[in-house]
Amino acid sequence: AADMLDPAWRSVIALTDSGRPGANKPAKPRRLAIFFDASASARDRDLARERELIQSYLRALGNVEVRLVAFRNDADPAMRFDIRNGDSAKLLAAITALPLDGGSSYGAINLAAVGAVDQVLLIGDGLSNFGGSEPNLVGAGGARPAVQVVHAAQRADHARLARIARAGGGRVIDLATQGDAA
């Protein structure tokens, strides 16, 4: 009984919520940034497959404002698209029309220059061969939206893509192995 009063003996009971699957389903984004790698190496990706995923995702979102930023060794100015009822035709036409040339610098990605967004889709192979290689995915005012990384590439820098997704609280979706539902 004397041992029970010894301050070295203590018990702690904690109740934690481990979360049930689907219980904390994230809200649909209202503003989405898409960073699209339009460097020469993009020719080696399955661009049609990437566009299919974008179309499926925007159809599921319904109404969303999209800021498209193509990047190579530098980032192009953001183009704004207002998606209504999942109609992404104009956005997909703009992506299809992008010239695929030059080196790629993932360091050219600067979320703060895009404006406030709720989510980021980064589409590319992660192969950075020009300038900086680490993107700035902190938004204006220090906001850190979720970052999902998507690619349909046979050759990719998987470690870089995983690091980018992990830092943004997201994941890598390899379209060669996963369907649109993922």
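These numbers were taken from a predicted model, which means no experiment stands behind them.

Colleague: What should I look at first to understand the overall build of the chain in this one?
Modeller: Across its full length, the chain holds 4 helices and 6 strands. Start at the N end of the chain and walk to the C end: the helices and strands fall as α-β-α-β-β-α-β-β-α-β. Counting every position in the chain, which comprises 182 residues, the buried fraction comes to 41%. Within the chain, contacts between residues separated by at least 24 positions form 72% of all contacts whose residues are at least 6 apart in sequence. Surface exposure of the chain reaches about 10,300 Å², of which carbon and sulfur atoms provide 52%.

Colleague: When you look at the sheet that holds strand 5 (residues 146-151) in this model, what are you seeing that I'm missing?
Modeller: Read from one edge to the other, the open sheet built from 6 strands follows the order 3-2-1-4-5-6, with strand pairing classed as mixed. Each having just a single partner strand, strand 3 (79-83) and strand 6 (172-174) make up the two edges of the open sheet. The average angle at which neighbouring strand axes cross in this sheet is 20°, direction not considered. Taken together, the 5 bridges between strand 1 (residues 31-37) and strand 4 (residues 119-123) define a ladder with parallel strand orientation. Opposite phenylalanine 36, over in strand 4, you have isoleucine 123 as the bridge partner. Its contacts with the sheet put helix 2 (residues 47-61) on strand 1, strand 2 (64-71), strand 3, strand 4 and strand 5, and the angle it makes with strand 1 is roughly 180°.

Colleague: Help me out: how do you make sense of the packing of helix 2 against helix 3 (residues 89-96) in this one?
Modeller: Axis angle and axis distance: for two packed helices, these are the angle between their axes and the distance between the axes, and together they describe the pair. Packing of helix 2 against helix 3 brings their axes to within 10 Å, and their N-to-C directions diverge by 160°. By the angle between their axes, helix 2 is roughly antiparallel relative to helix 3. Considering the relative orientation of helix 2 and helix 3, their crossing is right-handed. Mapping the contact onto sequence places Arg51, Ile54, Gln55 and Leu58 in helix 2 and Leu91, Leu92, Ile95 and Thr96 in helix 3. Looking at the contact of helix 2 with helix 3 residue by residue, the class counts come to 5 nonpolar, 2 polar and 1 charged.

Colleague: What is the right way to look at helix 4 (residues 158-167) in this model?
Modeller: What sets the pattern is the α-helix's 3.6 residues per turn: residues three or four places apart point alike. Turning to helix 4, its buried residues number three or more, namely Arg160, Leu161, Ile164 and Ala165. Taken end-on, helix 4 shows its buried residues confined to a sector of 130°, consistent with a single buried face. Exposed residues pointing more than 90 degrees away from the buried face of helix 4 are listed as Ala159, Arg166 and Ala167. Lining the buried residues of helix 4 we find strand 4, strand 5 and strand 6.

Colleague: Would you mind going over the nonpolar core with me for this structure?
Modeller: In summary, soluble globular proteins display a tendency toward joint burial of nonpolar side chains. Judged by nonpolar contacts, the single largest core of 28 residues is most densely connected at Ile34, Leu58, Val66 and Leu91. Among the elements of the structure, strand 1, helix 2, strand 2, strand 3, helix 3 and strand 4 are those that each provide at least two residues to this core. Here this core gets 5 residues from one element, more than from any other, and that element is helix 2. Discounting residues that sit within four places of it in the chain, valine 66 has contacts with Leu32, Ile34, Leu58, Met79, Arg80, Phe81, Ile83 and Leu91.

Colleague: Got a minute to help me understand the pairing of strand 4 in this structure?
Modeller: Side chains on a regular strand alternate between the two faces of the sheet. Across the 5 residues of strand 4, 5 count as buried, placing the element largely inside the fold. By the alternation rule, side chains of strand 4 split into Gln119, Leu121 and Ile123 and Val120 and Leu122, which are all buried.

Colleague: Sorry, what's going on with the layout of surface pockets here?
Modeller: A water-sized probe, rolled over the atoms, reveals where empty space remains. A volume near 170 Å³ is recorded for the second largest pocket. Around the second largest pocket sit Glu134, Pro135, Leu137, Val138, Arg144, Pro145, Val147, Arg163, Ile164, Ala167 and Gly168, which together line it. Of the residues forming the lining of the second largest pocket, the biggest block, 3 residues, is contributed by helix 4. Split by residue class, the lining of the second largest pocket holds 7 nonpolar, 1 polar and 3 charged.

What counts as what
Residues numbered from 1 in each chain as written. Predicted model: local features only at pLDDT ≥ 70, side-chain atom pairs only at ≥ 80, totals over all residues. Heavy atoms only, no water. Helix = DSSP H or I, 4+ residues; strand = E, 2+ residues; numbered from the N terminus. Buried < 20%, exposed > 50% of the residue type's maximum accessible area, 1.4 Å probe, protein only. Contact = heavy atoms within 4.5 Å. Areas by Shrake-Rupley, 256 points an atom, 1.4 Å probe, with all protein chains shown as cover. Pairing = 2+ DSSP bridges. Axes fitted to C-alpha atoms, helices over the stretch in contact; angles between N-to-C directions. Parallel < 35°, antiparallel > 145°, perpendicular 65-115°, else oblique. Left-handed = near helix turned anticlockwise from the far one by under 90°. Nonpolar A, V, L, I, M, F, W, Y, C, P; charged D, E, K, R; others polar. Arc of directions from axis to C-beta. Core = buried A, V, L, I, M, F, W, Y, C linked by side-chain atoms within 4.5 Å. 1 Å grid on protein atoms, 1.4 Å probe; cavity = no way out; pocket = protein on both sides within 12 Å on 5 of 7 lines; lining within 4 Å. Points joined across faces, edges and corners; volume = space filled by probe spheres on them.

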